[in-house]
Amino acid sequence: MTGLRIFAKWVVIVGLCLMFVSSGIYKLIGHPEATLAFQALGFPSWFQVVIGLGEVLGGLGLLMKKYTRYAAYVLAVIMLGATITLLLHGDTSTVAIPLVLFLVFLLIGRQSGSKKQPNRASSI
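Just so we're clear, the structure is a prediction, and the values are computed from it rather than from any experiment.

Right, let's talk about the pattern of salt bridges for a bit. Scanning the entire structure with this criterion turns up one salt bridge. Residues E55 and K27 are paired through a salt bridge, measuring 3.1 Å at the closest nitrogen-oxygen approach. A residue pair is termed long-range when its members are at least 10 positions apart, and E55 in helix α3 (residues 45-61) and K27 in helix α1 (residues 2-28) qualify at 28 residues. Under the relative-accessibility criterion, E55 is labelled buried at 4%. On the basis of relative accessibility, which here comes to 13%, the residue K27 falls in the buried class.

Considering the arrangement of structural elements, one finds T68 in helix α4 (residues 68-88). Residue classification places T68 among the buried residues on the basis of a relative accessible area of 9%. Residues T68 and W10, spaced 58 residues apart in sequence, show a C-alpha to C-alpha distance of 12 Å. Engagement of the side chain of T68 in a polar contact is seen with the backbone oxygen of L62, the distance being 3.2 Å.

Attention shifts here to the packing of aromatic side chains. Throughout the structure, instances matching the rule amount to five aromatic pairs. Taken together, a centroid distance of 5.3 Å and an interplanar angle of 70° make the contact between F20 and F105 edge-to-face. Of the two residues, F20 sits in helix α1 while F105 sits in helix α5 (residues 96-113), which places them 85 residues apart along the sequence. Summarising the burial analysis for this pair, F20 and F105 share the class buried. Connected via pairs of aromatic rings, a cluster forms that spans F38, F43, W46 and F47.

Okay, the packing of α3 against α4 next. Relative placement of two packed helices is described by the angle separating their axes and the distance separating the axes. Between α3 and α4, the least distance of the axes is 8 Å, while the angle of their chain directions is 145°. Here α3 runs over α4; the crossing is left-handed. Packed against α3, whose contacting residues are I51, G54, E55, G58, G59 and G61, the element α4 presents T68, A71, V74, L75 and I78 at the interface.

Right, let's talk about a nonpolar patch on the surface for a bit. A contiguous nonpolar surface patch, about 880 Å² in accessible area, is contributed by I6, W10, V14, L18, L60, L63, M64, Y67 and Y70. Considering every element that reaches the nonpolar patch, the biggest residue donor is α1, with four residues. Inspection of the secondary structure puts Y70 in helix α4. A residue is classified by how much of its surface remains accessible, and Y70, at 55% relative accessible area, is exposed.

Criteria and thresholds
- Residues numbered from 1 in each chain as written.
- Predicted model: local features only at pLDDT ≥ 70, side-chain atom pairs only at ≥ 80, totals over all residues.
- Heavy atoms only, no water.
- Salt bridge = Lys/Arg side-chain N within 4 Å of Asp/Glu carboxyl O.
- Helix = DSSP H or I, 4+ residues; strand = E, 2+ residues; numbered from the N terminus.
- Buried < 20%, exposed > 50% of the residue type's maximum accessible area, 1.4 Å probe, protein only.
- Polar contact = N/O pair within 3.5 Å; in protein donor to acceptor, adjacent residues only side chain to side chain.
- Phe/Tyr/Trp six-rings, centres within 6.5 Å; stacked < 30°, edge-to-face > 60°.
- Axes fitted to C-alpha atoms, helices over the stretch in contact; angles between N-to-C directions.
- Left-handed = near helix turned anticlockwise from the far one by under 90°.
- Contact = heavy atoms within 4.5 Å.
- Patch = residues over 30% accessible without salt bridge, like charges linked within 9 Å, V, L, I, M, F, W, Y side chains within 5 Å.
- Areas by Shrake-Rupley, 256 points an atom, 1.4 Å probe, with all protein chains shown as cover.

So this is what it looks like as structure tokens:
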């Protein structure tokens, strides 16, 4: 059962990595759709680059065990910002997506930061 759990975890991590790296690249190259979205929300153009960079580095960091916790928390902050932005602009129809991703990244960050405690019963 643990093998299946580890496989499922990696499928989710790789999927999130691909999603955020591709989304970040769109922002970094100034894809017109991304640029229009940032402008419509009232953000300056430099902010699109910052978010794009955070998404690319966060997505890649999810794959590196040493950086998974930090990457997850960076992406959680980005998703919290997206959630708040959507709520402030009255877009309640799509706010669930960044909200759920925010919670997922908090969980990933918490799980990757916890050290497995030795089984005390086996050391007695």
